[in-house]
Structure formats: structure tokens, C-alpha cells
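Here is what each chain is made of, one letter per residue.
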Amino acid sequence: MLKIGVLASGRGSNFQAIIDEIETGRLPASIEILIVDNPEAYAIERAKKHGIAYLYINPKNFPTKEAFYEKIRDELLLREVALVILAGFMRIVKKPLLDAFPNRIMNIHPALLPSFPGLHGQKQAVDYGVRISGCTVHFVDESVDSGPVIIQAAVPVHPDDTEETLSERILKLEHRIFPEAIRLYADGRLKVEGRKVKILNYKLPDTYFTNPEIR
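Let me sum up the structure you'll find in this document. (Residues numbered from 1 in each chain as written. Predicted model: local features only at pLDDT ≥ 70, side-chain atom pairs only at ≥ 80, totals over all residues. Heavy atoms only, no water.)

## Overview of the packing of helix 1 (residues 13-23) against helix 6 (residues 163-186)
So the rule is basically this: Structural elements are reduced to axes, namely lines fitted to C-alpha atoms, with helices fitted over the stretch in contact, and the angle between N-to-C directions of any two is expressed from 0 to 180 degrees. Segments assigned H or I by DSSP are reported as helices when at least four residues long, segments assigned E as strands when at least two residues long, and all are numbered from the N terminus. Should an angle fall under 35 degrees it is taken as roughly parallel, and over 145 as roughly antiparallel, whereas 65 to 115 is taken as roughly perpendicular and any remaining angle as oblique. Handedness of a crossing follows from how the near helix is turned relative to the far one, being left-handed for an anticlockwise turn of less than a right angle and right-handed for a clockwise one. Contacts: residue pairs with any heavy atoms within 4.5 Å of one another. In this classification, Asp, Glu, Lys and Arg are treated as charged, Ala, Val, Leu, Ile, Met, Phe, Trp, Tyr, Cys and Pro as nonpolar, and every other residue, Gly included, as polar.
Between helix 1 and helix 6, the shortest axis-to-axis distance is 9 Å and the interhelical angle comes to 50°. By the criterion of interaxial angle, the relationship of helix 1 to helix 6 is oblique. Considering only the axes of helix 1 and helix 6, their crossing is right-handed. Judged by residue contacts, Ser13, Asn14, Ala17, Ile18 and Glu21 of helix 1 engage Leu171, Glu174, His175, Phe178, Pro179, Ile182 and Arg183 from helix 6. Residues that form the contact of helix 1 with helix 6 fall into these classes: six nonpolar, three polar and three charged.

## Some thoughts on helix 5 (residues 121-128)
To keep it simple, the criterion reads: To sort residues, take the accessible area from a 1.4 Å probe on protein chains only and compare it with the maximum for the residue type: under 20% means buried, over 50% means exposed, and anything in between is partly exposed. Think of it as the arc spanned by the lines of direction from the helix axis to the C-beta atoms.
Along helix 5, the positions that sit buried rather than exposed are Gly121, Gln122 and Ala125. For helix 5, the angular spread of the buried residues around the axis is 105°, confining them to a single face. Contacts made by the buried residues of helix 5 are with strand 5 (105-109), strand 6 (132-139) and helix 6. Residue glycine 129 follows helix 5 closely and has a positive phi angle near 85°.

## Quick word on the pairing of strand 4 (residues 83-86)
Consecutive side chains of a regular strand alternate in pointing toward one face of the sheet and then the other. Inclusion rule: Two strands pair if DSSP finds at least two bridges between them. Here a crossover is taken to be right-handed if, once the strands point away from the viewer, the path from the first strand over the helix to the second is traced clockwise.
Both faces of strand 4 are covered, namely the face carrying Leu83 and Ile85 and the face carrying Val84 and Leu86. When strand 1 (residues 2-8) meets strand 4, the two strands line up parallel, connected through four bridges. Residue pairing for strand 4: valine 6 is matched across the bridge by isoleucine 85. The parallel pair strand 4 and strand 5, bridged by helix 4 (residues 95-100), forms a crossover whose chirality is right-handed.

Next comes the structure, spelled out in C-alpha cells:
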């Protein structure tokens, strides 16, 4: 059973998607701890509802960002976490955590990386006028949204789309592919070679790619 630690800052809808997959038995994992940097994060309510331990760590209580991440690292190691999941965690991960979990921190970004990294990827896509957008699950490195890509899923961008409508369409696919990437890791099917992630003995379902019916 893969032990997971989740970091979140807000509503935690991807956190919920992972919980749902675990509870249905489709994802062989257990969430050992939810760590938040925001005491108002709705992810806390989700953890309470499902009996998941949670911890608020206030970054203002630490003299440096590195010290903040050392605390997070220690809490995760204490619980023997094998994989760290960023579910809407709105901070750049620093070296103490990266060094403790090399290629063992996953994030999901609402754009087809390397296009539109950083904040408001959906708005960037709408403003740029692209025809296709989507989401990317990737391993985390020291730069912003630049780690090796695990899975991507695409959706059409319609002429009348706004940031909000595109975000809603992308979110539906986020909830599919994030648990899927974790499942692949749990099954030992992911192999990182430089910038590339090989998926061993596996074919991604077509529904994880462009689906024009998702409106």
C-alpha cells in the first residue's frame, strides 16, 4: 500500500478525487497526512469528513522558507510517506523537501506544459488564443512547473471560453489523470530517464486525451 502525503492550500478538489479513488478501491494507497499552509483551506474539511489526519503549518513561524520545508519534510518522513502530492499547494517547493523526495513529488498544472507555466494557466491559454489546452501531471523539480511530464490530457478551447469556463472543463480531466498518475506510481510503472518519464507496460485510455464532448 502506497503511503501518500498531500500538501494543499485551498479547496482541495483534486485531494477529494484522490480520496474517492482510494475509497472505491481503484487506487492502492493510503493518505497518511494532509498538510496545509492556510488554516482556512477547505481541504481540511474534506480530511475531517474522511478521517484523514491533517496539520496546519504556518510558514510565518519559520525564519526561512528552507526551515518551513524542513518542518514539512520531517512530518512526512515521520509518517513514512513514499509519495508527496501537491493538490493546489500554492508555493514553490524548496530544496529540503526536494532532496528528501527526489522524483517522488507530484503536481498537477492546468495547462499543457511547457506552455503556460505558473499562475492562471487557463487565463494564459484563453488570452493567447490557443485551440487546445488541458492539464499536466508532472514530477516536481526546483523550477516552476518544469519537472518531467507523467500524463497530459487535452480539451478544446472554444471561441467563447472564459478563464472560468475553460477551468471547469480542465478540472474534470484533472480529477481523472491525477489519481491515474498516482496509480501508475503505486504499480511501479513509472521510470524517470532524464527529462522523460517512461510508462511501463501500459497504454493510456483514449479518454485522457482530447475529448470534444467535454463542454
